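Fold and geometry: a report
Chain by chain, the residues:
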Amino acid sequence: GNSVTQMEGPVTLSEEAFLTINCTYTATGYPSLFWYVQYPGEGLQLLLKATKADDKGSNKGFEATYRKETTSFHLEKGSVQVSDSAVYFCALIRGSTLGRLYFGRGTQLTVWP
Amino acid sequence: GAVVSQHPSWVICKSGTSVKIECRSLDFQATTMFWYRQFPKQSLMLMATSNEGSKATYEQGVEKDKFLINHASLTLSTLTVTSAHPEDSSFYICSARTGVAEKLFFGSGTQLSVL
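Here's a quick rundown of the structure. (Residues numbered from 1 in each chain as written. Chains lettered and ligands numbered in written order. Predicted model: local features only at pLDDT ≥ 70, side-chain atom pairs only at ≥ 80, totals over all residues. Heavy atoms only, no water.)

Considering all chains together, one arrives at seven salt bridges over all chains under this definition. Between Lys77 of chain A and Asp84 of chain A there is a salt bridge; the shortest N-O distance is 2.8 Å. With relative accessibility at 10%, the residue Lys77 of chain A sits in the buried group. Here Glu22 of chain B and Arg24 of chain B are joined by a salt bridge, their closest N and O atoms 3.5 Å apart. Judged by relative accessible area, Glu22 of chain B falls into the partly exposed class, the value being 27%. (Salt bridge = Lys/Arg side-chain N within 4 Å of Asp/Glu carboxyl O. Buried < 20%, exposed > 50% of the residue type's maximum accessible area, 1.4 Å probe, protein only.)

Here we come to the sheet that holds strand β8 (residues 76–81) of chain B. Sheets are built from strands paired through backbone hydrogen bonds, the pairs being either parallel or antiparallel. All names here are of chain B. Across the sheet, which stays open at both edges, the four strands sit in the order β1-β3-β8-β7 with antiparallel pairing between neighbours. Each edge of the open sheet is held by one strand with a lone partner, namely β1 (4–7) and β7 (67–73). Averaged over all neighbouring strand pairs, the angle between strand axes comes to 15°, with direction disregarded. (Pairing = 2+ DSSP bridges. Helix = DSSP H or I, 4+ residues; strand = E, 2+ residues; numbered from the N terminus. Axes fitted to C-alpha atoms, helices over the stretch in contact; angles between N-to-C directions.)

Next up on the list: the interface of chain B and chain A. Taken together, the contact pairs 19 residues of chain B with 16 residues of chain A. Taken together, both faces of the contact between chain B and chain A bury some 1400 Å²; the carbon and sulfur share is 54%. Three residues stand out in chain B for area buried against chain A, namely Leu44, Leu104 and Phe106 of chain B, and they jointly supply 32% of the buried area on that side. Inspection of the region where chain B meets chain A yields one salt bridge. Note that Glu59 of chain B is salt-bridged to Arg100 of chain A, the shortest N-O span being 2.5 Å. (Contact = heavy atoms within 4.5 Å. Buried area = accessible area lost by both parts, 1.4 Å probe.)

It is worth spelling out the sheet that holds strand β9 (residues 75–77) of chain A at this point. Residue and element names in this part refer to chain A. In spatial order, the strands read β3-β9-β8-β7; together these four strands make up an open sheet with antiparallel pairing. In this open sheet, the two edge strands, each paired with only one partner strand, are β3 (19–21) and β7 (56–59). Averaged over neighbouring strand pairs, the angle between their axes works out to 15° when direction is ignored. As judged from the three bridges shared by strand β8 (residues 62–65) and β9, these two strands associate in the antiparallel manner. Across the sheet, residue Phe62 finds its bridge partner in β9, namely Lys77.

What follows deals with the state of the cysteines. Counted according to the given criterion, the structure contains two disulfides over all chains. Each disulfide pairs two cysteine sulfurs, and for Cys23 of chain A the partner residue is Cys90 of chain A, the sulfurs being separated by 1.9 Å. Residues Cys23 of chain A and Cys90 of chain A are joined by a disulfide whose S-S torsion is about -70°; by sign, that bridge is left-handed. A residue pair is termed long-range when its members are at least 10 positions apart, and Cys23 of chain A in strand β4 (residues 23–26) and Cys90 of chain A in strand β10 (residues 86–93) qualify at 67 residues. For Cys23 of chain A, a relative accessible area of 1% corresponds to the buried category. Judged by its relative accessible area of 1%, Cys90 of chain A falls in the buried class. Here Cys23 of chain B pairs with Cys94 of chain B through a disulfide, and the sulfurs are 2.0 Å apart. (Disulfide = S-S within 2.5 Å.)

We now examine the pairing of β7 of chain A. Each regular strand carries side chains that alternate between the two faces of the sheet. Residue and element names in this part refer to chain A. Of the pairings in the sheet, the one linking β7 to β8 comprises four bridges and is antiparallel in character. Along β8, the bridge assignment pairs Ser58 with Glu63. Linking β7 to β8, which pair antiparallel, is a turn of two residues; within it Lys60 sits at a positive phi near 55°.

Laid out in structure tokens, this is it:
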């Protein structure tokens, strides 16, 4: 079946620290991979995506590379800010049905000044 | 950007009562809406897909008679948890898909606690 495994949080960092949130997946075929972010009191927002192997998604200083050989899509940022404090969800879609997402459990990130 | 409004943000109810959660697309028409739930320390899981004017499609293991979904208009979908029990306590999130641009927008979620 399809599933996403995310590293367990919470993650607490100081401002300007390097961030990695691990995400691995199980899926048949060639899924599209996503990272969503949920800021306090708001809905999930698409942060970045990659649709095929070796693609790198990037946005707001965050990056993730679609690694088919390791079935991974780890999220990284070189220098986090307090405003990056949020919950981050890794997700995949099989096929083209946008909306039928398989999510991980989410990782709470807190950045201290 | 497009906004999806979900209400209430949290609700506490007694066991055996019913609870309704609303999901509205505020500035676009959503032909399809999705309902997810997340139990503590578990993944966010898709419960059902609803298309405006037709019956919802439920994922395996989700009781359609317990989780009633109505999508009567292009801007509103409701999820009613009937005869709620403590094991239904969870975080419920809706999402709405735009028709033309094929984008997906999420509500902020509803935390349901059944006593």
